[in-house]
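Below are the chains, spelled out letter by letter.
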Amino acid sequence: MQNSCQIKMAVLGAGAWGTALAISFARSGHDVTLWTRDSAHASLMLSERKNTRYLAEANFPESLAVTSDIEVAVASAELVLVVTPIAGLRPTLERIQPVRQSATPVFWACKGFEVSSRLLPHQVVKEVLGDIPCGTISGPSFAREVALGQPTAVTLACASLPLATEWVQKLNSARLRLYATDDMVGVEVGGAVKNILAIAAGVADGLSLGHNARAALITRGLAELTRLAICLGGRQETMMGLAGLGDLVLTCTGDLSRNRRVGMSLAEDKPLKAILADLGHVAEGVPTALETEQLAASLGVSMPITNAVCRLLRGDAKTGDVVADLLARVPVVES
């Protein structure tokens, strides 16, 4: 089903997730240009009509354009969607600042806290571009399934609910459903911390601890995710929605989850450097875990599962010892 409202859109970032969103929006009738900073990668995608490097299973719609010239992608766009790892958000924003039309909204689908600054994506956007129409897309969504047109639902969060509602109506389709909210903090914290908890779930699965343990981990993980979100200004109800519980369950249980795969390899006590080299993709939960641990400590927020994951990532302990320490924690009131 094509969308009756055609938007001229620039999708910046040709990894798996950026490619999937570009394919999905082009398929639903929008005028989409996918940008990659690598000219050779752009040429290859143009000749093959697919992104063999990151998402070989999905062919490009005929209407999907590809370029390595960011000015070409952005100059006449009615919407700019940044889909890079969190480390690439700031430099990408700095590149588009001189060429973006002032009224053009900027959305992003980056998850995590910026390293060192520990800023959420919307705070990075404000630092670089100021107060502009902007928003974040997040929720339970594997890139492969979105690219293949399998039904998916995500959240679009803007500081202004009318703005979020307006763009949900413009971008929503039968296969990629969007829901509006004005809780940007809650949506972004959910998208960041669920990757850390997916590493923990991968460890539990790698150690064959069972379904009971996984369910307990997801539930208690949701509790610590919610504590941090509320402390930063997010809302509890957001944590029970697509960008909180929904994304958490998918990432902790799905075989396509990169962060869960990192955890399963950690359960074998493999070195982190070798794990990430074998993965071949960015696992945002790794840098996000270390930033979240420091942020939570500075705010006095208890995050025992996150702390346990950080011990493993730093090589401070073996998986068996970390699990034993978690199981030996003093019981508390659940809520």
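Because the structure is predicted, anything quoted here is derived from the model rather than measured. As a convention, each chain's residues are numbered from 1 in the sequence order in which they are written. Reporting of local features is limited, given that this is a predicted model, to residues whose pLDDT is at least 70; pairs of side-chain atoms are given and counted only at 80 or more, and all residues count toward the totals for whole chains, interfaces and linings. As a rule here, side-chain values cover all heavy atoms of the structure and leave hydrogens and water aside.

Undergrad: Where do I start with the side chain of Thr 238 in this structure?
TA: Per the convention used, a helix needs a DSSP run of H or I reaching at least four residues, while a strand needs a run of E reaching at least two, with both numbered from the N terminus. When you line up the elements, Thr 238 lands in helix H10 (residues 236-239). A relative accessible area of 10% means that Thr 238 is categorised as buried. Here Asp 183 takes part through its side chain, which lies 2.5 Å from a polar atom of the side chain of Thr 238. Partly exposed describes any residue whose relative accessible area lies between the buried limit of under 20% and the exposed limit of over 50%, with all areas from a 1.4 Å probe on protein chains only and scaled to the type maximum. Under this definition, polar contacts are N or O atom pairs within 3.5 Å; protein pairs additionally need one hydrogen-donor-capable and one acceptor-capable atom, and for neighbouring residues in sequence, both atoms have to be side-chain atoms.

Undergrad: Before we go on, may I ask you to explain the pairing of strand S1 (residues 8-12) in this structure?
TA: It is a general feature of regular strands that their side chains alternate between the two faces of the sheet. Most of S1 is tucked away, with four of its five residues classed as buried. For the handedness criterion, the β-α-β arrangement of S1, helix H1 (residues 16-27) and strand S2 (residues 31-35) is classed as right-handed. Only when DSSP finds a minimum of two bridges between them are two strands counted as paired. Pairing of S1 with strand S6 (residues 79-82), which is carried by four bridges, proceeds in the parallel orientation. Along S6, the bridge assignment pairs Met 9 with Leu 79. Throughout, right-handed denotes a crossover for which the path from the first strand over the helix to the second runs clockwise when the strands point away from the viewer.

Undergrad: Please explain the UniProt feature "domain: Glycerol-3-phosphate dehydrogenase NAD-dependent N-terminal" (unreviewed entry) in the protein as it appears in this structure.
TA: Mapped onto the present numbering, the UniProt feature "domain: Glycerol-3-phosphate dehydrogenase NAD-dependent N-terminal" (unreviewed entry) falls at residues 8-160. Summarising residues 8-160: 34% helix, 25% strand, and an end-to-end C-alpha distance of 22 Å. UniProt positions are given in the numbering used here, feature names are shortened, and annotations may be inferred rather than shown by experiment.

Undergrad: What am I meant to see in the packing of helix H9 (residues 211-232) against helix H14 (residues 285-299) here?
TA: What describes two packed helices is the angle between their axes and the distance between those same axes. Viewed as axis vectors pointing N to C, H9 and H14 meet at an angle of 60°, and their least axial separation amounts to 11 Å. Where H9 crosses over H14, the handedness of that crossing is left-handed. Note on element contacts: H14 touches H9 through Thr 292, Leu 295 and Leu 299, opposite Leu 228, Cys 231 and Leu 232. Three residue categories are used. Nonpolar comprises Ala, Val, Leu, Ile, Met, Phe, Trp, Tyr, Cys and Pro, charged comprises Asp, Glu, Lys and Arg, and polar comprises the others, including Gly. Looking at the contact of H9 with H14 residue by residue, the class counts come to five nonpolar, one polar and no charged. Where helices are involved, their axes are fitted lines through C-alpha atoms of the stretch in contact, as for all axes, and angles between N-to-C directions lie from 0 to 180°. Crossing chirality is assigned from the near helix's rotation relative to the far helix, an anticlockwise turn below a right angle marking it left-handed and a clockwise turn marking it right-handed. In this description, contact between two residues means that some pair of their heavy atoms is separated by no more than 4.5 Å.

Undergrad: Is there a simple way to explain the packing of helix H8 (residues 184-206) against helix H11 (residues 242-253) in this structure?
TA: Closest axis-to-axis distance for the H8/H11 pair is 8 Å, and the angle between their directions is 25°. Here H11 runs roughly parallel to H8, going by the angle between their axes. For H8 against H11, the interelement crossing comes out right-handed. For the pair H8 and H11, contact is made by Val 187, Gly 190, Gly 191, Lys 194, Asn 195, Leu 197, Ala 198, Ala 201 and Asp 205 and by Ala 243, Asp 247, Leu 248, Thr 251 and Cys 252, respectively. The scheme is simple: roughly parallel for angles under 35 degrees, roughly antiparallel for over 145, roughly perpendicular for 65 to 115, oblique for anything else.

Undergrad: Would you explain the sheet that holds S2 in this entry?
TA: Sheets are built from strands that pair by backbone hydrogen bonding, the pairs being arranged parallel or antiparallel. Taken in spatial order, the eight strands make up an open sheet running S5-S2-S1-S6-S7-S8-S9-S10, and their pairing is mixed. Every other strand in the sheet has two partners, leaving strand S5 (65-67) and strand S10 (176-181) as the edge strands with one partner each. Recorded for the sheet is a direction-independent mean angle of 25° between the axes of neighbouring strands. Of the pairings in the sheet, the one linking strand S7 (residues 106-108) to strand S8 (residues 134-138) comprises three bridges and is parallel in character. Across the sheet, the residue bridging to Trp 108 is Thr 136, located in S8. Relative to the sheet, helix H7 (residues 161-171) contacts S1, S6, S7, S8, strand S9 (152-157) and S10, its axis offset from that of S10 by approximately 170°.

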